[in-house]
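What follows is the residue order along each chain.
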Amino acid sequence: QVQLVESGGGLVQAGGSLRLSCAASGSIVVINAMGWYRQAPGKQRELVAGITRSGTMNYADSVKGRFTISRDNAGNTVYLQMNRMKPEDTAVYYCNANLIPGSSAYYSRDYWGQGTQVTVSS
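Residues numbered from 1 in each chain as written. Predicted model: local features only at pLDDT ≥ 70, side-chain atom pairs only at ≥ 80, totals over all residues. Heavy atoms only, no water.

Student: Would you take a moment to explain the state of the cysteines for this structure?
Tutor: Among covalent bonds in proteins, the disulfide is the one between the sulfur atoms of two cysteines. This model, assessed by the stated rule, comprises one disulfide. With its sulfur 2.0 Å from that of its partner, Cys22 forms a disulfide with Cys95. With the S-S dihedral at roughly -85°, the linkage between Cys22 and Cys95 falls on the left-handed side. A residue pair is termed long-range when its members are at least 10 positions apart, and Cys22 in strand 3 (residues 18–25) and Cys95 in strand 9 (residues 91–101) qualify at 73 residues. Cys95 matches Cys22 in its accessibility class, with the two residues each being buried. (Disulfide = S-S within 2.5 Å. Helix = DSSP H or I, 4+ residues; strand = E, 2+ residues; numbered from the N terminus. Buried < 20%, exposed > 50% of the residue type's maximum accessible area, 1.4 Å probe, protein only.)

Here's what the structure looks like:
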């Protein structure tokens, strides 16, 4: 019943900006953390940015100073503001949430969004 729905991907020129959004819905007891991963052709999936329930943020070195992760006050929606984008940012971006679903009051699980294509042209 838990769903993560992503939006905001697209095509942008180098130096431009995009903002990704991800909304978690369904039977959720608590969200421990949400974040963004990306996977480019021929590369492993990597963590881009994450934010915990307490508000602690972390970023991949490759995006520090350019990308910003944030969340709604309710904590069920996460955003990724991407500025000064580079061609190497081209990838499929996946939203992730570590949460305790309504079906279990004790154990957390990972859920994934559908993925959204981000393409940065030279």
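Alright, that's what it looks like, and here's the rest.
Student: Quick question: what am I supposed to make of the sheet that holds strand 1 (residues 3–7) here?
Tutor: Each strand in a sheet pairs with another by means of backbone hydrogen bonds, the pair being arranged parallel or else antiparallel. If you trace the four strands from one edge of the open sheet to the other, you get 1-3-8-7, paired in antiparallel fashion. Looking at the sheet topology across the chains shown, the edges are occupied by strand 1 and strand 7 (67–71). Each neighbouring strand pair of the sheet contributes to a mean axis angle of 15°, computed without reference to strand direction. Pairing geometry for strand 7 and strand 8 (residues 77–82), over five bridges, is antiparallel. Bridging across to strand 8, Ser70 finds its partner in Tyr79. (Pairing = 2+ DSSP bridges. Axes fitted to C-alpha atoms, helices over the stretch in contact; angles between N-to-C directions.)

Student: What's the story with the nonpolar core in this structure? I'm lost.
Tutor: Soluble, globular proteins show a tendency: their nonpolar side chains are buried together. With 30 residues, the main nonpolar core has Met34, Trp36, Leu80, Met82 and Tyr93 as its most contacted residues. Residue contacts for Leu80: discarding those within four places in its chain leaves Leu18, Arg19, Leu20, Trp36, Val48, Ala49, Phe67, Thr68, Ile69 and Tyr93. (Core = buried A, V, L, I, M, F, W, Y, C linked by side-chain atoms within 4.5 Å. Contact = heavy atoms within 4.5 Å.)

Student: Mind showing me how you'd approach the side chain of Ser21 here?
Tutor: Examined against the element boundaries, Ser21 turns out to sit in strand 3. In contact with Ser21, not counting residues within four places along its chain, are Val5, Glu6, Ser7, Trp36, Val78 and Tyr79.

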